[in-house]
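Structural description and commentary
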Amino acid sequence: MSENTITPEMLAVPASPLRERTYVGPSRVLVYAAALLTLGAALIHLAVTPQHFEEYLPYGLFFLAAGAGQIALAVVLVVAPARKLFIVGLAASVGLIALWALSRTVGVPIGPDGAWQPETMGFTDLICTFLELVAAPLFVILSLRRPRLRHRRPVRVALATAPTFLLVALLTFVGTGTARNDMPVAFNAAPAIAGQHSTSVTSLTEAPGPGPVKEFTLTAEEARIGGQVAWTYNGTVPGPELRVTQGDRIKVTLVNHLPAATTIHWHGVVVPNAEDGVAGITQDAVPPGDRYIYEFVAKDTGTYWYHSHQDTTAQLGRGLFGALIVEPPTGNVAEAVDYTAVLHATPDGSGIAVNGTAGDLHVAARPGERVRLRLINAFPPSMDGGPLAPVVFGAAYQVVALDGHDLSQPPPIGPERLPLGMGQRADVVFTMPQSGAVRLAVSALSGQVSSGQKFFPAEAPWHGSLIIGDGPLPAAGNIDQLPLFDLTHYGSAAADPVSTSHFDATYPLVLDETPGFHDGRIELVHTINRQSSPYVPPITVRQGQVIHLHIVNLTGEYHPMHLHGHIFTVLALNGKAIQGSPVHLDTILVGPHEIWDVAFLANNPGIWMLHCHVLLHASFGMSMTVNYAGITTPFEMGSRSGNVPE
Ligand code: C2O
Ligand code: CU
């Protein structure tokens, strides 16, 4: 007898409730499918419940009730299927779908921001609604069909249910995964605890002092550059170079004429925490039309830069960055020519530009003159995070400073490629030859600047370039064959305040990546110690401690790891102590599978970001904070505040 043969018993309507509860038949497959779909939707509802509790208590309760109710429904469907239950299931699915449609179009009569505020559609809620949309017609069929009492072998039932099971399992995995990795509604990196004494980051401002005040205004505004709409400071990319003298009190007014909120971070500068410019940690992002004043004393000389630290991946990529140079107080930089070269992406993202120019830029210098080039890498690399590799041709040169901090007795070298991770700086000094020009060429170390392929044709020796002085150009070598500058063996040893002799605490930072969810897509989620931001547990320090970081890169990518507000001493690469000059950095380039040891003195209280400066990696999770015990922040990141520091 085939499956479809109808027997008189099959047509009989079960007479008693007992019969109905012992319901068996071919439709069991349908019952299981409906139960699985309901269970999947329930799990997704429960996955988003915590974030809805944070957002708005009634929402949290609703999602908890919906999830719990659907789980109960799924269980009863399996153990005691009955027609009434199918009608309940149908009503629940249709009700939830209708409510979802309403909330995404005209809104619902209650909400954290008032009534009738439509919400944006997300990947997670789409998946959940899809599961309910498939379940609804199944419930219709089940409630209309007469129960069949024909027995079907369990194996066949299992086989027939398997495709639904797999589909629901996959969708639920993706749905709950994206729910867990969605930007949180509200996340506070260092919340105040009721009843405990604490200091807010807002009070960590620069103390009054006698330093001469230097005032600047940086207006964040759109401008058309190279046929593209760029986001600029004062209409240019890079923004204006701010040049100050050590000891100056710098007062910068940020005026926001952009259509989005923004901030300014002073990369590498040891500022008081309240002036650090990190949206959601040290301030709220400055809304369009508003202004904000940053004030701090330039304590250390050197080459620094500034950039937005709100939605950084997008805003820095669009042009919101510039150089900040702190000259020594004795009047002048020793070199006759002191030129800053900001290395960044061309407006269309297709290649490397120097100070806004993708071709050759000319810098005036006379034979015999000393020249200092301050190189700043503001170029957002592709996923591999590869550094730029500038090379000076035509003169032997010294690398006199890294990240603005002088090296001890730097010997002349060249030509060598100088790996510069995003965010890093290097000062190189040379003497102009008696005849001919010097050339700075910029290539990418990995040669895999994905967006820049057309910028690196194999036959072209020069990538982004500066020509310093006049006369014939120096001979070109094959740039990709040149040796690499090695900061672990350069210059002479010198005393260092932070040495290997004593650490108050050691923290491993294991950098890794794993397929996961980001903004509703499957991406390589970047992790520190197996967690991704904002859920990487912070490092908690106390003032005066010497903190040792043991950084292990398990990936095949480069990670220039940047610590705000502090300078670290480089101790060792792959377990070997560095030789030569002490090296002080705020951003350390951690190459594929490398292990670096660094240490820093905790001498600047606050809540400080520690993140990969490959902004894609940071936005995919490679970011955390160093928190001083007892310091809290009133600011939060997430969709409620709109503060997105990455
Ligand atoms: Cu240059 Cu946290 O950044
Ligand atoms: Cu990285």
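Residues numbered from 1 in each chain as written. Chains lettered and ligands numbered in written order. Predicted model: local features only at pLDDT ≥ 70, side-chain atom pairs only at ≥ 80, totals over all residues. Heavy atoms only, no water.

Compared with the 33 Å implied by 1.5 Å per residue over 23 residues, the 33 Å span of helix α5 (residues 83–105) between its first and last C-alpha is a close match. Inspection of α5 places Leu85, Phe86, Gly89, Ser93, Leu96, Ile97, Trp100, Ser103 and Arg104 among the buried residues, and these make up the whole buried set. The inward-facing, buried residues of α5 contact α3 (28–55), α4 (57–79) and α6 (123–144). Among the residues trailing α5, glycine 107 stands out with phi positive, at a value near 95°. (Helix = DSSP H or I, 4+ residues; strand = E, 2+ residues; numbered from the N terminus. Expected span 1.5 Å × (residues − 1). Buried < 20%, exposed > 50% of the residue type's maximum accessible area, 1.4 Å probe, protein only. Contact = heavy atoms within 4.5 Å.)

Counted at 1.5 Å a residue, the expected span for α4 with its 23 residues is 33 Å, and the 33 Å between its end C-alpha atoms agrees. Restricting attention to buried positions, one finds in α4 the residues Tyr59, Gly60, Phe63, Ala66, Gly67, Gln70, Leu73, Ala74 and Leu77. In this structure, the buried side of α4 is in contact with α3, α5 and α6.

In this section: the environment of methionine 422. With respect to the helices and strands, methionine 422 occurs in the loop between β16 (405–406) and β17 (425–431). Distance from methionine 422 to valine 614, taken between C-alpha atoms, is 6.4 Å for residues 192 residues apart in sequence. Contacts of methionine 422, omitting those with residues within four sequence positions, involve Trp305, Leu316, Asn377, Ala378, Phe379, Pro380, Pro381, Pro560, Thr587, His613 and Leu615.

In this structure the tally under the stated criterion is nine aromatic pairs. Between tryptophan 266 and tyrosine 306, the ring centres sit 5.8 Å apart and the planes meet at 45°, which makes this aromatic pair tilted. On the criterion of sequence distance, the pair formed by tryptophan 266 in strand β6 (residues 265–267) and tyrosine 306 in strand β8 (residues 302–307) is long-range, its members being 40 residues apart. A relative accessible area of 0% means that tyrosine 306 is categorised as buried. The interplanar angle of 75° and the centroid separation of 4.8 Å between the aromatic rings of phenylalanine 485 and tyrosine 490 together place this pair among those described as edge-to-face. Accessibility classification places phenylalanine 485 together with tyrosine 490 in one group, the buried group. Following the ring pairs from residue to residue traces out a cluster consisting of Tyr233, Trp266, Tyr292, Tyr294, Phe296 and Tyr306. In this structure, arginine 318 is placed above the aromatic ring of tryptophan 231, and the distance from its NZ or CZ to the ring centre is 4.2 Å. (Phe/Tyr/Trp six-rings, centres within 6.5 Å; stacked < 30°, edge-to-face > 60°. Lys NZ or Arg CZ within 6 Å of the ring centre and 35° of its normal.)

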